[in-house]
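So you can see what is in the structure, the chains are spelled out below.
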Protein chains: 2
Amino acid sequence: MIDARSYAREHAPRFRQQYEALLRIPSVSTLPQHAADVERAAQWLAGDMRAIGMDSAEVLRLAGGRHPLVLGEWKGAGEAAPTVLLYAHYDVQPAAMEDGWDSDPFEPVERDGRLFCRGSVDSKLHVMSQLKAVEALLASPGGAPVNIRVLLEGEEESGSETISAFVAQQPERVRADVAVISDGVVLAPDQPSLVYALRGIATMELHVDGPVQDLHSGHFGGTLHNPLQALAEIIAQLHDAEGRVSVPGFYDDVVEADAAERALLAHTNQWSEREWEAVADAPARHGERGYNTQERIGLRPTLEINGLGGGYTGPGFKTVLPQRAMAKISCRLVPDQDPQRIHALLQSHIAAITPPTVRSELRQLDMGSRAVTLGHDTRAMRAAAAAYERAWGVAPLYERAGGSIPVTFALQEVCEELVIMGFGTRDGRAHGPNENVHVESLERGITAMIHFLQTIGRNGELA
Amino acid sequence: MIDARSYAREHAPRFRQQYEALLRIPSVSTLPQHAADVERAAQWLAGDMRAIGMDSAEVLRLAGGRHPLVLGEWKGAGEAAPTVLLYAHYDVQPAAMEDGWDSDPFEPVERDGRLFCRGSVDSKLHVMSQLKAVEALLASPGGAPVNIRVLLEGEEESGSETISAFVAQQPERVRADVAVISDGVVLAPDQPSLVYALRGIATMELHVDGPVQDLHSGHFGGTLHNPLQALAEIIAQLHDAEGRVSVPGFYDDVVEADAAERALLAHTNQWSEREWEAVADAPARHGERGYNTQERIGLRPTLEINGLGGGYTGPGFKTVLPQRAMAKISCRLVPDQDPQRIHALLQSHIAAITPPTVRSELRQLDMGSRAVTLGHDTRAMRAAAAAYERAWGVAPLYERAGGSIPVTFALQEVCEELVIMGFGTRDGRAHGPNENVHVESLERGITAMIHFLQTIGRNGELA
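Residues numbered from 1 in each chain as written. Chains lettered and ligands numbered in written order. Predicted model: local features only at pLDDT ≥ 70, side-chain atom pairs only at ≥ 80, totals over all residues. Heavy atoms only, no water.

Q: Would you mind going over the interface of chain A and chain B with me for this structure?
A: A common way to report how large an interface is uses the accessible area buried once the components associate. Tallying the contact residues gives 90 residues for chain A and 89 residues for chain B. Taking both partners together, chain A and chain B bury about 7,400 Å²; carbon and sulfur atoms supply 57% of that area. For the chain A face of the interface with chain B, the top three residues by lost area are His286(A), Leu308(A) and Phe317(A), together amounting to 10%. Where chain A packs against chain B, one counts 0 salt bridges. At the boundary of chain A with chain B, the tally comes to 41 residue pairs in polar contact (both at pLDDT 80 or more). For the side of chain A that touches chain B, the element with the most residues is strand S12 (residues 302-311) of chain A, which contributes 10 residues. Tallied by class, the residues present in the side of chain A that touches chain B amount to 37 nonpolar, 35 polar and 18 charged. Looking at chain direction, S12(A) and strand S12 (residues 302-311) of chain B are connected through 5 bridges and run antiparallel. In the sheet register, Gly307(A) faces S12(B), and the bridge partner there is Gly311(B). (Contact = heavy atoms within 4.5 Å. Buried area = accessible area lost by both parts, 1.4 Å probe. Salt bridge = Lys/Arg side-chain N within 4 Å of Asp/Glu carboxyl O. Polar contact = N/O pair within 3.5 Å; in protein donor to acceptor, adjacent residues only side chain to side chain. Helix = DSSP H or I, 4+ residues; strand = E, 2+ residues; numbered from the N terminus. Nonpolar A, V, L, I, M, F, W, Y, C, P; charged D, E, K, R; others polar. Pairing = 2+ DSSP bridges.)

Q: Please explain the sheet that holds strand S17 (residues 397-401) of chain B as it appears in this structure.
A: Within a sheet, neighbouring strands are paired by backbone hydrogen bonds and run either parallel or antiparallel to one another. All names here are of chain B. The mixed open sheet is built from 3 strands, whose spatial order is S16-S9-S17. Looking along the sheet, the strands with just one partner apiece sit at the ends: strand S16 (372-373) and S17. Of the strands in this sheet, strand S9 (193-198) and S17 touch helix H8 (residues 259-280), which is tilted by about 90° from S17. (Axes fitted to C-alpha atoms, helices over the stretch in contact; angles between N-to-C directions.)

Q: Even after reading the chapter, I still don't get helix H13 (residues 441-457) of chain A, so can you show me in this structure?
A: For an α-helix the count is 3.6 residues per turn, leaving residues at separations of three or four pointing the same way. Residue and element names in this part refer to chain A. The terminal C-alpha atoms of H13 lie 24 Å apart, and with 17 residues this matches the ideal 24 Å at 1.5 Å per residue to within 8%. For H13, the tally of buried residues reaches 14 of 17 residues, placing the bulk of the element in the interior. Positive phi shows up at Asn459, right after H13, with a value of about 55°. (Expected span 1.5 Å × (residues − 1). Buried < 20%, exposed > 50% of the residue type's maximum accessible area, 1.4 Å probe, protein only.)

Q: Help me understand the nonpolar core, please; the structure alone is not making it clear to me.
A: The tendency in soluble globular proteins is for nonpolar side chains to be buried side by side. Judged by nonpolar contacts, the single largest core of 100 residues is most densely connected at Met421(A) and Phe452(A). Setting aside residues no more than four positions away along its own chain, Phe452(A) makes contact with Val178(A), Val180(A), Ala380(A), Ala383(A), Ala384(A), Ala387(A), Val419(A) and Met421(A). Counting residues in each nonpolar core, the second largest holds 99 residues, with Val127(B), Leu137(B), Phe423(B) and Val437(B) among its members. (Core = buried A, V, L, I, M, F, W, Y, C linked by side-chain atoms within 4.5 Å.)

Q: Please explain the packing of aromatic side chains as it appears in this structure.
A: Given two aromatic rings, one states the distance between the centres and the angle between the planes to describe the pair. Under the criterion given, the structure shown has 10 aromatic pairs over all chains. Both rings, one in Tyr388(A) and one in Phe423(A), keep their centres 5.9 Å apart while their planes meet at 50°; by these two values the pair is tilted. Of this pair, Tyr388(A) sits in helix H11 (residues 379-392) while Phe423(A) sits in the loop between strand S18 (415-420) and strand S19 (424-425), placing them 35 residues apart in sequence. Taking relative accessible area as the criterion, Phe423(A) reaches 1% and is therefore assigned buried. Clustering of aromatic rings is evident, with ring pairs tying together Tyr388(A), Trp392(A) and Phe423(A). Over the ring of Trp271(A) we find Arg274(A); its NZ or CZ atom is 4.5 Å from the centre of that ring. Positioned over the ring face of Tyr251(B) is Arg244(B), at 4.1 Å from the centre of the ring. (Phe/Tyr/Trp six-rings, centres within 6.5 Å; stacked < 30°, edge-to-face > 60°. Lys NZ or Arg CZ within 6 Å of the ring centre and 35° of its normal.)

Q: I tried to follow the relation of the copies chain A and chain B on my own but got confused; where do I start?
A: One copy of the chain maps onto the other through a rotation about an axis plus a displacement along that axis. Overlaying chain A with chain B gives an RMSD of 0.1 Å, the required rotation being 180° about an axis along which the chain moves by 0.0 Å. The superposition operator between the copies reduces to a two-fold rotation axis. Interface overlap between copies: 99% of the residues of chain A at the interface are likewise at the interface in chain B, consistent with a symmetric, same-surface contact. (Least-squares fit on C-alpha atoms with pLDDT ≥ 70 in both.)

Q: Could you clarify how one ought to interpret the packing of helix H2 (residues 12-23) of chain A against helix H3 (residues 35-51) of chain A in this entry?
A: Helix packing for two helices is described by the angle between their axes and how far apart those axes are. All names here are of chain A. Packing of H2 against H3 leaves a shortest axis separation of 10 Å and a crossing angle of 155°. When the axis of H2 is compared with that of H3, the two are roughly antiparallel. Residues Gln18, Ala21 and Leu22 of H2 touch H3, and the partners they reach there are Ala41, Trp44, Leu45 and Asp48. Split into classes, the residues belonging to the contact of H2 with H3 amount to 5 nonpolar, 1 polar and 1 charged. (Parallel < 35°, antiparallel > 145°, perpendicular 65-115°, else oblique.)

Q: So what exactly am I meant to see when it comes to the pattern of salt bridges here?
A: Opposite charge on two side chains makes pairing possible when the charged atoms of those side chains draw close. Residues and elements named next belong to chain A. All chains considered together, the criterion is met by 62 salt bridges over all chains. Among the salt bridges present, the one from Glu275 reaches Arg426, with a minimum N-O distance of 2.6 Å. Taken as a pair, Glu275 in helix H8 (residues 259-280) and Arg426 in the loop between S19 and strand S20 (436-438) lie far apart in primary sequence, 151 residues in all. Accessibility assignment for this pair places Glu275 and Arg426 in one class, buried. Arg363 serves as the salt-bridge partner of Glu361, at 3.4 Å between the closest nitrogen and oxygen. Given a relative accessible area of 42%, Glu361 falls into the partly exposed group. A residue is classified by how much of its surface remains accessible, and Arg363, at 37% relative accessible area, is partly exposed. Residues joined by salt bridges that share partners form a network here, namely Arg16, Glu20, Arg24, Glu107 and Glu110.

Q: Can you help me understand the sheet that holds strand S1 (residues 56-60) of chain B in this one?
A: Residue and element names in this part refer to chain B. In spatial order, the strands read S1-S2-S6-S3-S7-S18; together these 6 strands make up an open sheet with mixed pairing. The sheet is open, and its two borders are formed by S1 and strand S18 (415-420), each paired with just one other strand. Direction aside, the axes of adjacent strands within the sheet are offset by 15° on average. The pairing of strand S7 (residues 176-181) with S18 spans 5 bridges and is classified as parallel. Considered in S18, the bridge of Val178 is made with Glu417. Sheet contacts for helix H3 (residues 35-51): S1, strand S2 (69-74) and strand S6 (147-153); angle to S1, the most-contacted strand, approximately 170°. Contacts from helix H4 (residues 120-138) reach S2, strand S3 (83-89), S6 and S7 within the one sheet, and its direction differs from that of S3 by about 150°.

Q: Would you explain the confidence of the model for chain A in this entry?
A: As a general rule, the predicted coordinates of low-pLDDT regions are not to be interpreted in detail. When pLDDT is averaged along chain A, the result is 95, and 100% of the positions lie at 70 or above. Taken over the whole predicted complex, pTM reads 0.79, whereas the ipTM for its chain interfaces reads 0.79. (pLDDT = per-residue confidence, 0-100.)

Q: I keep staring at H2(A) and nothing clicks. Help me out?
A: Residues and elements named next belong to chain A. Between its first and last C-alpha, H2 extends 16 Å over 12 residues, near the 16 Å set by a 1.5 Å rise per residue. Every buried residue of H2 is accounted for by Phe15, Gln18, Tyr19, Glu20, Leu22 and Leu23. Of the surrounding elements, those touching the buried residues of H2 are helix H1 (4-10), H3, strand S5 (114-116), helix H4 (124-138), S20 and H13.

Q: What should I look at first to understand the environment of Gly368(B) in this one?
A: Residue and element names in this part refer to chain B. Inspection of the secondary structure assignment puts Gly368 in the loop between strand S15 (359-364) and S16. With relative accessibility at 21%, the residue Gly368 sits in the partly exposed group. In the structure, Gly368 is positioned 343 residues away from Ile25 in sequence and 27 Å away in space, judged by C-alpha atoms. Discounting residues that sit within four places of it in the chain, Gly368 has contacts with Ile201 and Pro339.

Q: Quick question: what am I supposed to make of unusual backbone geometry here?
A: The bulk of non-glycine residues show a negative phi, and the bulk of peptide bonds are trans. Residues and elements named next belong to chain A. Cis peptide bonds are those with omega within 30 degrees of zero, and the linkage from Asp122 to Ser123 qualifies with 15°. Secondary-structure assignment places Ser123 in the loop between S5 and H4. The phi torsion at His431 lies on the positive side, around 75°, for a residue other than glycine. The residue His431 is located in the loop between S19 and S20 in this model.

Q: Is there a simple way to explain the packing of H3(B) against H4(B) in this structure?
A: Residue and element names in this part refer to chain B. Remark: H3 packs on H4, axes separated minimally by 10 Å, with the N-to-C direction vectors making an angle of 20°. Accordingly, the angle class assigned to the pair H3 and H4 is roughly parallel. Our pair here, H3 against H4, has a crossing hand that is right-handed. Across from Trp44, Leu45, Asp48 and Met49 in H3, the residues of H4 making contact are Val127, Met128, Leu131 and Lys132. For the contact of H3 with H4, the per-class residue count stands at 6 nonpolar, no polar and 2 charged. (Left-handed = near helix turned anticlockwise from the far one by under 90°.)

Q: Help me understand the pairing of S6(B), please; the structure alone is not making it clear to me.
A: Two faces make up the sheet, and in a regular strand the side chains alternate between them. All names here are of chain B. Of all 7 residues in S6, 7 are buried, a share of seventy percent or more. Neither face of S6 is open: one carries Asn147, Arg149, Leu151 and Glu153, the other Ile148, Val150 and Leu152, and all of them are buried. Note that S2 and S6 share 5 bridges and pair antiparallel. Across the sheet, the residue bridging to Gly72 is Val150, located in S6. Taken together, the 7 bridges between S3 and S6 define a ladder with parallel strand orientation. When the sheet's bridge partners are listed, Ala88 is paired in S6 with Leu152.

Structure (structure tokens):
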């Protein structure tokens with residue numbers, strides 16, 4: 001037998017093949033027509049857990065759940081050893097060629113040192129980093145130094161309700177000394193980073209209705225409030241001239257950062273700005289006045305329009321005055337904002353600003369999630385920092401991330417410590433067309449996971 | 001041989017069958033995949049022109065034209081008799097079950113005294129009223145009392161550019177003493193009306209671009225101006241609190257109505273309001289302050305949003321911060337507004353109000369058309385009034401219509417008099433789902449057309 005890192009190096013080509021096999025399964029959780037694909041991905045993962053030598057692997061279907069959880073366990077380190085829970089998600093965002101992909105979104109293709117495929121960075125990279133690190137440890141002398149639970153979910157892209165319910169209902173199946181949430185990205189390909197805070201999210205759909213049917217815009221244009229126009233007028237009132245959300249009460253519960261934290265983020269901000277220029281590159285920056293880019297991403301809440309629809313948008317022109325208009329809206333939340341309260345505040349505000357000429361309705365799309373703050377200096381965070389330094393050769397910086405990992409809140413309740421270890425890169429276009437990973441990301445992820453689990457096995461004593 | 005009206009009564013069942021056969025051809029002019037259907041409709045119409053005894057019938061394909069014109073001629077009345085040009089369009093708006101149709105949009109179905117099918121009222125009712133009136137006259141003793149040109153187009157729903165070019169290039173093939181534009185609707189099923197003015201139209205597409213690609217709304221939300229939000233903010237600035245279009249110069253060329261005309265329209269307004277309640281029924285009226293519903297429809301210009309699109313609008317939720325957003329915009333125009341100038345004014349205004357955080361572009365979708373005023377008391381208008389009274393048993397009222405008939409402007413140049421004779425009803429849902437006609441509309445249309453042509457054959461002397 002050889003040590004875990006040597007094993008991982010030796011088996012890297014097979015690990016890559018398995019990663020690509022998983023990528024080919026279009027496990028899109030938000031589209032009902034992909035339900036069988038999500039199921040297929042779950043079975044594939046349970047099969048791999050068994051193959052690598054875990055004691056058990058179950059595909060769990062919960063009442064009310066849309067897609068299964070996959071739970072694998074290995075208890076070979078003994079009762080005295082700590083237990084680590086590894087979490088990642090195997091579902092992916094929708095993807096279609098017409099969104100602007102240069103190649104089939106569900107066929108991995110390597111170009112210029114990157115592997116392009118939906119789910120490559122978000123989050124099958126993390127699923128495979130976990131499983132292959134566990135495989136390498138179980139194959140090495142003495143096995144893994146910690147007991148391991150791997151909990152994978154298939155509804156992360158649609159709200160993580162099922163896993164949150166599972167954790168609440170059966171905490172003993174999830175409980176661990178340390179939980180690792182593998183998701184997200186590092187600051188730059190050669191600058192690892194540790195996320196110590198995540199924004200929460202509340203998602204909504206706003207409907208505006210006017211006439212009782214679609215009308216001819218010649219016969220009726222000018223005599224009623226066009227729902228598309230009314231929707232635009234409502235949306236235009238949701239921010240003020242300072243870039244602040246103008247919903248009364250929206251900032252009531254927001255925890256302001258202290259000077260020390262703003263100094264820490266000022267250091268990270270150069271990376272955020274560089275990334276912004278490389279990836280977003282809009283004509284000008286825009287956002288809440290008084291905050292830099294890193295603060296706008298991690299420290300401040302937002303209200304974004306994620307979709308607008310209504311009337312005729314195909315080729316040519318249709319002189320329709322439509323019956324209704326729709327907007328998808330999300331709020332990114334920071335401590336201590338509550339997604340239910342934010343929805344209620346928006347609901348009241350939109351009802352108040354809806355003119356009497358139309359009807360509006362703001363529907364909640366899921367339960368949402370609160371923001372999470374983990375702290376910089378826990379045992380698990382120190383072990384994670386060492387693991388990144390081993391895999392990258394560079395010490396990580398600390399940052400607040402703008403995205404959400406809905407399950408984090410539930411896991412905090414049943415695990416003593418929580419750490420987030422993401423191995424993607426920010427140019428990976430998560431959720432967009434041409435999603436990709438750098439080809440070395442998987443190996444770095446596996447190396448970091450092995451090192452982290454070994455450190456926790458020494459009760460956090462750094463090597 | 002029998003007289004024309006008796007012939008029409010006798011052949012009514014066959015006329016209805018032919019009307020339904022034409023309705024089954026989905027001649028959607030704005031969708032490229034229906035080009036062959038539009039061609040098929042043109043061939044069907046030319047075949048019918050030949051079958052009813054016209055001297056010639058041609059399917060005309062013009063350079064640059066997308067769909068053919070159909071031109072039929074009959075010169076049997078002799079050189080001393082007047083020539084009447086009959087115009088209608090055989091193309092239709094797009095239609096799909098998912099828009100809310102209760103039955104296949106291209107299969108005519110009778111329910112409750114109405115015939116449901118895309119194109120039933122707009123405008124195959126008019127095409128068939130013309131052709132079957134001509135058939136009845138040619139089959140009656142002495143034939144028709146006027147020389148007849150029937151000119152049918154297949155691009156009315158996409159701007160009528162080809163026919164306008166044809167009229168400008170070959171005026172001698174179109175020239176007539178009187179032109180009848182058969183299109184539009186009467187005020188109520190039992191209250192015929194004569195339209196003496198039409199609004200023009202200018203159609204545009206507004207694009208707003210922000211980042212260089214779709215982004216994850218968590219990773220970038222709050223750091224740039226969301227194009228969907230920016231589009232909404234621009235749209236919200238296009239009207240003021242009085243319901244007026246707030247584009248500088250927009251009303252510069254608008255001809256205000258005098259007191260006599262506003263009194264005439266006040267009489268028609270009760271019908272416009274009744275129709276509004278029956279068909280639109282929005283929560284409240286809305287429009288330019290200081291004008292009633294008939295005036296808002298016929299006398300005042302508008303700016304309408306006909307479509308909004310961008311981001312993710314499917315089921316569930318996608319946390320995308322999209323690269324771009326789009327709106328379809330149209331302006332309904334009144335005398336003496338010019339569609340080119342209106343486009344230029346909007347272009348300048350939108351450029352001026354577009355913030356530096358996004359890029360915008362306002363594209364013209366077609367050449368548009370100016371408004372048309374015909375006058376109330378011409379020879380042709382009196383003949384038309386008598387024809388409606390014969391077909392309905394009720395004298396018509398006069399109104400300004402809100403829709404556009406782009407070809408009107410071109411025909412005014414080559415025909416001495418112009419009259420618009422529409423036989424549809426306003427509850428016919430033109431352009432919307434479940435488009436329909438009252439089953440008696442075709443017979444009334446044929447009767448009115450026969451009577452009108454007979455009156456013109458007597459040089460306008462009323463019977």
